[in-house]
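This is what each chain is made of:
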Amino acid sequence: MSTEAAMSTDATASRGVIALLHGPNLNLLGDREPEIYGTTTLADHIATARETAERLGFSLEDQQSNQEGVLVDAIHAARGRCVAIIINPGAFTHYSWAIHDALGAFDGVVVELHLSNPNAREPWRHTSVVAPVATGTIAGFGAHGYPLAVYAVGRALGAVTLGG
Ligand code: CA2
């Protein structure tokens, strides 16, 4: 049985809003460094995430910014309004204590998402200042990470049951 088939969901309920946030340079996806990040564009990743979210009964908002403060504001705006944040902070992952603090003040589920596996790359990518304030991290699965991250939110909020 496929993983998908083994998950039962109730998509009839309105389960709330997921904020999907992307940090610097991720607007270039599909254009440069395809050997690391693949050929799928950011718009395509967002469409996949939205499709999965809606199937599970969530709606999804998205924002990409190259500015740290804009991401901090987006995290603040999610407070009390969104049930979860899925965030690929880009290189901010490794040093933005402002994003760390903002996520720490968010009450819902936080999924840290990476296309590549930063722990298998240069040593400076091995530190994540986001991981300590995340519910969990999904990394290294490329485009598949998007539906996985949405399912992780569903699982954390009781909208998805694994194992049938
Ligand atoms: O693997 C990931 O998703 C990363 O968050 C991507 C970040 C990197 O700094 C993290 O260590 C891991 C970099 C995103 C840069 O994206 C580009 C996309 C196309 C062309 C150039 C950069």
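Conventions adopted
- Residues numbered from 1 in each chain as written.
- Predicted model: local features only at pLDDT ≥ 70, side-chain atom pairs only at ≥ 80, totals over all residues.
- Heavy atoms only, no water.
- Near = heavy atom within 4 Å.
- Polar contact = N/O pair within 3.5 Å; in protein donor to acceptor, adjacent residues only side chain to side chain.
- Areas by Shrake-Rupley, 256 points an atom, 1.4 Å probe, with all protein chains shown as cover.
- 1 Å grid on protein atoms, 1.4 Å probe; cavity = no way out; pocket = protein on both sides within 12 Å on 5 of 7 lines; lining within 4 Å.
- Sits in = over half its atoms within 2 Å of the grid points.
- Pairing = 2+ DSSP bridges.
- Helix = DSSP H or I, 4+ residues; strand = E, 2+ residues; numbered from the N terminus.
- Axes fitted to C-alpha atoms, helices over the stretch in contact; angles between N-to-C directions.
- Contact = heavy atoms within 4.5 Å.

The full set close to the ligand counts 15 residues, and Asn88, His94, His114, Leu115 and Ser116 are the nearest of them. Asparagine 88 is positioned such that a nitrogen or oxygen atom in its side chain is 2.8 Å from an oxygen atom of the ligand. For the ligand, whose unbound accessible area comes to 510 Å², protein coverage reaches 94%. More than half of the atoms belonging to the ligand lie within 2 Å of the grid points that define the largest pocket.

What follows concerns the sheet that holds strand E5 (residues 109–114). Here five strands make up an open sheet; going across it, the order is E3-E2-E4-E5-E6 and the pairing parallel. One side of each edge strand has no neighbouring strand; the edge strands of this open sheet are strand E3 (58–64) and strand E6 (136–139). The average angle at which neighbouring strand axes cross in this sheet is 20 degrees, direction not considered. Relative to E3, strand E2 (residues 16–22) runs parallel, the two being bridged by seven bridges. In the sheet register, isoleucine 18 faces E3, and the bridge partner there is leucine 60. Strands E2, E3, strand E4 (84–88), E5 and E6 of the sheet are contacted by helix H5 (residues 145–156), whose axis makes an angle of about 165 degrees with E5.

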